[in-house]
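Structural description and commentary
Listed below, chain by chain, are the residues.
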Amino acid sequence: MRLYCLLLALISANLVNEKVTRVFDATTQLLKTSASVQIRNDGKASVSVIQLSADAFNADKLIFLDAKVGNKKLKIDGNLKASLSSPLEPGQTVTLEIEEIYHGSVKPFPTEIKQADKQLVLVEVNLYYTSPYKTETSTAKINIGTKKTESLSKTGKLEGSAVKLEEKKDFEGGSSQKSRVHFENNSPFLVAERLEREVEVSHWGNVAVTDKVWVKHTGATLKGSFSRFDFQRQDIGPFITEWTMILPLVAKDVYYRDLIGNISTSALRQDYRADETVLELTPRFPMFGGWRNHYTIGYNVPSATYLSSDASKYQLKVPATPELYNEFIIENYFLKFVLPEGVTDVDFKTNFELERKPDESRYTFLDTTGRTVVVFEGKDVSFKHAAKIAVTYNWNSILIFKEPLLAISGWAVFFLVLLFFARMDYSISAPVSADKKKN
Amino acid sequence: MTFSPYNSPVDPAMYSTIAFFLMIAGLGSSAYFFVEQVTKSKNVRSLSRDFSLAMISAVFMGLGMMFTMLTVGIYV
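Thresholds applied
Residues numbered from 1 in each chain as written. Chains lettered and ligands numbered in written order. Predicted model: local features only at pLDDT ≥ 70, side-chain atom pairs only at ≥ 80, totals over all residues. Heavy atoms only, no water. Pairing = 2+ DSSP bridges. Helix = DSSP H or I, 4+ residues; strand = E, 2+ residues; numbered from the N terminus. Domains from an automatic or database assignment. Contact = heavy atoms within 4.5 Å. Buried area = accessible area lost by both parts, 1.4 Å probe. Salt bridge = Lys/Arg side-chain N within 4 Å of Asp/Glu carboxyl O. Polar contact = N/O pair within 3.5 Å; in protein donor to acceptor, adjacent residues only side chain to side chain. Nonpolar A, V, L, I, M, F, W, Y, C, P; charged D, E, K, R; others polar. UniProt positions renumbered as here; feature names shortened; annotations may be inferred. Buried < 20%, exposed > 50% of the residue type's maximum accessible area, 1.4 Å probe, protein only.

1. Points about the sheet that holds strand β13 (residues 149–152) of chain A
Taking strand neighbours across the sheet as the criterion, the four strands line up as β9-β11-β16-β13 (chain A) in an open arrangement whose pairing is antiparallel. Each having just a single partner strand, β9 (107–108) and β13 of chain A make up the two edges of the open sheet.

Structure, rendered in structure tokens:
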């Protein structure tokens, strides 16, 4: 509601939404919106900034918003103001294709279910198109994936596996009316509560990536006990038994383990057509509502894939998040780069919000001064961000000899000590004198 | 600034072969050095020969150890 008043106060341009068509997708744990908005400039001045807004009843759950005109993406700032590439002249119209994703809008209701129950979810959206401007026509459809609903607002009608909301005409900016659908949704409600990613760079030709993942099933929590016997006879339900993680095509030495040890229930294959490695993970136990799991995935990648150099300047370009599973959501994100010894002038560039923390130091094999560890922290990173990070640093290439020289000098000390002790005199009796009396 | 993909100074596919031969040379020369130290009597040994043999063994063992680490996946 507070966001609403802010929107109303920002009406400075005389724009009108001529035609709005919205399609909601509520078949997974995320509420995805795809809207086509035709905007007309009814004012006397040309307009180059359009105020967009998230759905009135889901505004705080917005994790992604994107607007396109034709094929060109518009720049959107923190207040959801979209900047047009060419200003909209008075009397002209422009069609925006807006994509939004909300996390937490598909709410499990009831919030606790028994093992054999199916999961029902509640979705509430604004019947009117949420906008500070007047709208002439607005239609909306919610895809729910099932042909029946538990309950439905009077303003909606079930057609096939979608709910068609009433068409609304000529309403003012800021109009809102809740439309709700209560239906069955057994799709996996998997959220990565925490991801710790570590990228270790070696100038001997390897980048080692380790991903520690903490996941949680955020659907309706399981009430009562879990029966393995009943579970073995269950075909469909809101539980999660497996998911697929995508790794780079050139990834090798992949491991999947947790605190207990290696987890063998997985399948790894290379998909040359899609240019990726597919890892199908089956955790040790199925996940029901409220259950958590923790595992580590690690792999090696040849340095040429991510690391590039120009004289003594190096650039490491890495996808900031792994593709944990289809449409992944990460709540707390931690990233560490372990750079070789002797690295200076570390800098970075990202395409998403990331906070750099103070550097740390790590001592590992053949280290003397410690490796620089660059630490980052982020929040709420999702698949839509396509998060990438590029770290640049300077490194003198003569330092490649430091490690072999350290190993050689270690062995040299060993041999010299041996040589020294071999030449010492250990006899305890006086040496046999040369002038032994000849008998 | 044009960046080009960074490759290791030594081809990683060769790491196991290089490690193998370096370790053979290293262990061989180390063994020769040890045996010489324990069998030969003091007056026959010369410091310069012992020292150079020790250094050769150190070089081969050091490099062999490092390439062995690279072969098994400890990318130092």
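2. Points about the domain arrangement of chain A
Residues and elements named next belong to chain A. You can read the domains of chain A as domain 1 (2–184) and domain 2 (190–398). Each of domain 1 and domain 2 has a C-alpha centre, and these two points are 33 Å apart. Each side of the interface is counted separately: domain 1 has 19 residues, and domain 2 has 25 residues. Of the roughly 1,700 Å² buried where domain 1 meets domain 2, counting both sides, 54% is carbon and sulfur surface. Together, Gln29, Ile113 and Gln115 form the three largest contributors to the area buried by domain 1 at its contact with domain 2, with a combined 36%. Counting across the domain 1 and domain 2 interface gives two salt bridges. As a salt-bridge pair, Lys32 and Glu327 come within 2.4 Å of each other at their nearest N and O atoms. Between domain 1 and domain 2 we count nine residue pairs in polar contact (both at pLDDT 80 or more) in total. Taken together, the elements giving at least two residues each to the side of domain 1 that touches domain 2 come down to β2 (30–41), β4 (62–69), β8 (93–103) and β10 (112–113). For the side of domain 1 that touches domain 2, a count of residues per class yields eight nonpolar, six polar and five charged.

3. A look at unusual backbone geometry
All names here are of chain A. Cis peptide bonds are those with omega within 30 degrees of zero, and the linkage from Phe109 to Pro110 qualifies with 15°. Inspection of the secondary structure puts Pro110 in the loop between β9 and β10. Positive phi is not limited to glycine here, since Glu327 has a value of about 60°. Looking at where Glu327 falls in the secondary structure, it is placed in the loop between β26 (313–319) and β27 (329–338).

4. Quick word on the interface of chain A and chain B
Taken together, the contacts link 35 residues of chain A with 38 residues of chain B. Both sides of the chain A and chain B interface together cover about 3,200 Å² of buried area, and 72% of this is carbon and sulfur. Of all residues in chain A, Trp204, Phe415 and Arg423 of chain A give up the largest surface area on contact with chain B, accounting jointly for 23% of the area buried on that side. One can count one salt bridge joining chain A with chain B. We note a salt bridge from Asp50 of chain B to Arg423 of chain A, for which the minimum N-O separation is 2.9 Å.

5. A closer look at the UniProt feature "transmembrane region" (unreviewed entry) in chain A
Mapped onto this numbering, the UniProt entry annotates "transmembrane region" (unreviewed entry) at residues 404–422 of chain A. Between the first and last C-alpha atoms of residues 404–422 of chain A the distance is 27 Å; the span itself is 100% helix and 0% strand.

6. Side note on the environment of Tyr306 of chain A
Residues and elements named next belong to chain A. Its location among the elements puts Tyr306 in helix α3 (residues 303–306). A relative accessible area of 10% places Tyr306 in the buried class. Along the sequence, Tyr306 and Lys178 sit 128 residues apart, while their C-alpha atoms lie 48 Å from each other. Those residues in contact with Tyr306, other than ones at most four positions away along the chain, are Val207, Pro248, Val301, Gln315, Leu316, Lys317, Val318 and Pro319.

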